[in-house]
Amino acid sequence: MDNSKKKINQIADQHIELGMLLRRKRRKKDREAVEKIMGSNLSINEKISDIKKIDRNLSGKESLSGTDTPNRDFSFEVYKNQEKIKANVKKSTFFNFIFLDSIKIKKFGKESHVLLSGLMPFNIRINPDVRRFFNTYFQKYVTELLDPLKYALSTGWQYLKKLEYNLLVVLKRFCETVLATNFLALNCSNKNLIEKLQGLERLFLVLHYNPKNIDALTASFKAVLLYNNYRDEEQKGLILTLEKVITRNGTLPSFYNFILGLNMLRYRRYMNLRTLFKKDIGNVVLSDDFDCDDDVREKIMKYIEGIEQNLLPVIEQERDLVEVKAYTSKEDSNETDYAQLSFFYDSTNREPGHSFSRDKENIILFLTNLLKGFIDTFGGILNGTVLLVDNKKSEIFSQTFFKTEIIRLEYYYKKLAQLMLDFNDLPVKRFNMIKSSQRGALDAESEVIKIADEVAKLFAEIGKKLASVLKMSGSPEAIRRDNVPLNPTMLEGKPVKVPYAQERVLNPDLPLLSGKCIIDILKQVTSLSFLTGIYLNNEHLIYLLRNEKSIHDTIRSKMEILERMASSDALAEFKKIRLGQESGE
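Being a predicted model, the structure only gives us computed values, none of them experimental.

S.K.: Just checking my understanding: could you explain the environment of isoleucine 51 for this structure?
M.R.: Of note, isoleucine 51 is situated in helix 3 (residues 44–56). When the C-alpha atoms of isoleucine 51 and lysine 161 are compared, they prove to be 29 Å apart, with 110 residues separating the residues in sequence.

S.K.: Just checking my understanding: could you explain the side chain of threonine 181 for this structure?
M.R.: If you trace the backbone, threonine 181 turns up in the loop between helix 7 (162–179) and helix 8 (198–208). Residue contacts for threonine 181: discarding those within four places in its chain leaves Asn135, Gln139, Leu197 and Leu200.

S.K.: In this structure, what is going on with the layout of surface pockets? I would like to understand it.
M.R.: Looking at the second largest pocket, its volume works out to about 490 Å³. If you trace the second largest pocket, you find 20 residues lining it, with Glu335, Tyr338, Ile534, Asn537 and Ile542 closest to the centre. Taken together, the elements giving at least two residues each to the lining of the second largest pocket come down to helix 17 (428–437), helix 19 (518–535) and helix 20 (539–546). Of the residues in the lining of the second largest pocket, the class split is ten nonpolar, four polar and six charged.

S.K.: I tried to follow empty space enclosed by the protein on my own but got confused; where do I start?
M.R.: Leftover empty space is mapped by rolling, across the atoms, a probe with the size of a water molecule. Under the definition given, this model contains one cavity of 30 Å³ or more. Forming the walls of the largest cavity are Val78, Tyr79, Gln82, Asn166, Val170, Arg173, Val284, Val285, Leu286 and Asp291. Looking at the lining of the largest cavity, the elements that each hand over two or more residues are helix 4 (72–83) and helix 7. Of the residues contributing to the lining of the largest cavity, the split by class is six nonpolar, two polar and two charged.

S.K.: Just to check I follow, could you spell out the packing of aromatic side chains for this structure?
M.R.: Aromatic ring pairs are reported here in terms of the distance separating the ring centres and the angle at which the planes meet. Counted by the stated rule, this structure contains 31 aromatic pairs. Among the aromatic residues, ring-to-ring pairing joins Phe133, Phe134, Tyr137, Phe138, Phe174, Phe183, Phe204, Phe255, Tyr256 and Phe258 into one connected group. Lying over the aromatic face of phenylalanine 97, arginine 268 brings its terminal NZ or CZ to 5.8 Å of the ring centre. The ring of phenylalanine 402 carries the charged tip of lysine 465 above its face, separated from the ring centre by 4.9 Å.

S.K.: Help me understand unusual backbone geometry, please; the structure alone is not making it clear to me.
M.R.: In this model, leucine 252 is joined to proline 253 through a cis peptide bond whose omega is 0°. Relative to the assigned elements, proline 253 resides in the loop between helix 10 (232–246) and helix 11 (255–267). Despite not being glycine, aspartate 280 has its phi angle at roughly 55°, a positive value. Located in the positive-phi region is asparagine 537, a residue other than glycine, with phi close to 60°. With a relative accessible area of 32%, asparagine 537 lands in the partly exposed category.

S.K.: Which parts of the structure should I look at to understand helix 21 (residues 548–565)?
M.R.: Its 18 residues give helix 21 an end-to-end C-alpha distance of 26 Å, which sits within 8% of 26 Å, the value for a rise of 1.5 Å per residue. The complete set of buried residues in helix 21 reads Ile551, Ile555, Met559, Leu562, Arg564 and Met565.

S.K.: Could you clarify how one ought to interpret the packing of helix 7 against helix 9 (residues 213–227) in this entry?
M.R.: Helix 9 packs onto helix 7 with a crossing angle of 95° between their chain directions and a minimal axis gap of 9 Å. By the angle between their axes, helix 7 is roughly perpendicular relative to helix 9. Contact residues: helix 7 offers Glu164, Leu167, Leu168 and Leu171, while helix 9 offers Asn213, Ala216, Leu217, Ser220, Phe221 and Val224. Across the contact of helix 7 with helix 9, the residue classes tally to seven nonpolar, two polar and one charged.

S.K.: Looking at this model, I keep getting lost on the confidence of the model for the protein. Mind explaining?
M.R.: Detailed reading of the predicted model is not advised wherever pLDDT is low. When pLDDT is averaged along the protein, the result is 86, and 91% of the positions lie at 70 or above. Low pLDDT (under 50) marks residues 58–73, which in the prediction has 39 contacts with non-local residues, meaning those over four places away or in another chain. Segment residues 581–585 is flagged for pLDDT under 50; beyond a separation of four residues in sequence, or across chains, it makes 13 contacts in the model.

Reading guide: rules and limits
Residues numbered from 1 in each chain as written. Predicted model: local features only at pLDDT ≥ 70, side-chain atom pairs only at ≥ 80, totals over all residues. Heavy atoms only, no water. Helix = DSSP H or I, 4+ residues; strand = E, 2+ residues; numbered from the N terminus. Contact = heavy atoms within 4.5 Å. 1 Å grid on protein atoms, 1.4 Å probe; cavity = no way out; pocket = protein on both sides within 12 Å on 5 of 7 lines; lining within 4 Å. Points joined across faces, edges and corners; volume = space filled by probe spheres on them. Nonpolar A, V, L, I, M, F, W, Y, C, P; charged D, E, K, R; others polar. Phe/Tyr/Trp six-rings, centres within 6.5 Å; stacked < 30°, edge-to-face > 60°. Lys NZ or Arg CZ within 6 Å of the ring centre and 35° of its normal. Buried < 20%, exposed > 50% of the residue type's maximum accessible area, 1.4 Å probe, protein only. Expected span 1.5 Å × (residues − 1). Axes fitted to C-alpha atoms, helices over the stretch in contact; angles between N-to-C directions. Parallel < 35°, antiparallel > 145°, perpendicular 65-115°, else oblique. pLDDT = per-residue confidence, 0-100.

Right, here's the structure in full:
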């Protein structure tokens, strides 16, 4: 018996899913393909599978936010819940009906104008006048709602949440079903009439299943009227019409009481609307995605793609900003703290008369000495070998990792050293004045400014690459390959541990490095690289620090739009992309 019941339920589910697929609007070409499938001798499962294949290829493309079709599994569950929304109501017993329910039902019928009754308990029937009321007045009310609902479903995705939009979809379907019903043809003597109106009843129950839905629906409808510039009087009139259609006391008789009265007649028991609901069946209104036509979905997808295209570069900026802030600090005045840069400069320029505080006033002298100190101190660890405490020369990075940056730094150092022979003084004030005005510079001054800009850019690139290396190396998923130098491809693949990360360097000639472990040295180089780039006014780094709030605000506002508009699967995919970028994976 259980297996038989299970099989029946499976067949019912298949028919529900097939029916849901057939309801979907398609292009003519795809519609003809579906019709061909339906006319074939395939099993119902095969038909469902083949139709899904057609739907998966509707647009022939995907965006970062997912496919152009809604989450079919989630949609199917929601529509399946709608099909089973009504509880299995049992008829009242003979004596309960005679002595309890019939009295309450008669009172209800008199007050609601839905039912008529005589002296005998069983002499209860549908009031014939309700047919004329629904055919004449109620259908007029729903007709008034259809125009603003059409606007809502064509533009509502721009300002409504998915659930708010989809409640209006259900309302529109309800209105259309009301208009398609000939109430005058209803048989008022049929006590099982509610079974003839299952479609209408189901949609009405869907609207009322969640007690909060009616308020949400009314608020959504008001937003539609406001967005589409309806006059105040029109807004008030249409809101009143909405209340007439969906609320219990909006009209006399009301559709709300009509549904209740038909069920009381069918089950011979007094009840309220909550009695008709099956409990805890899950969502009955789609909230994961917009339940919209294909032309609207295409607009939504294009809009989301535009948001993504604008957002991805800002997320990249956010990632860079996080890295820069992780390796630099600020003073109490909220200015960048250059103490580490000052210490490095003084430690690598020990000749009498040289210091960071003094040399920084002469940009050509400062830059020349800084480059020499950086190349001499870190050139080996970034683009060569380093001697560890076990007297073993080890290679941390492959020759291709920082080769270009080191070669270019050496090139600019030699150019500056050559310039210093004839031009050895460029005050930082004049340097900044020329940069801001872009005129009045001597040839040598222009050359130094150009070199400073290129050097700043190189240091920013070195800092960014090292920050990514360190982040990936610190990942729990990082692979350990101690004897294999890191190569640039690791930034695009699985995270890899920095080789010899905890091994200490042995180099008496470089006291800044000797005795320190590799990982700490790389952190120091990262900080110095970013600090130098900021100090030399690298445009990208300065932009990040000056626009931190704007970057965060932009991401927050754009993500709010995506959270409102994209499907949950699509949003999860985008967050995964964002997380992957932030983690360097």
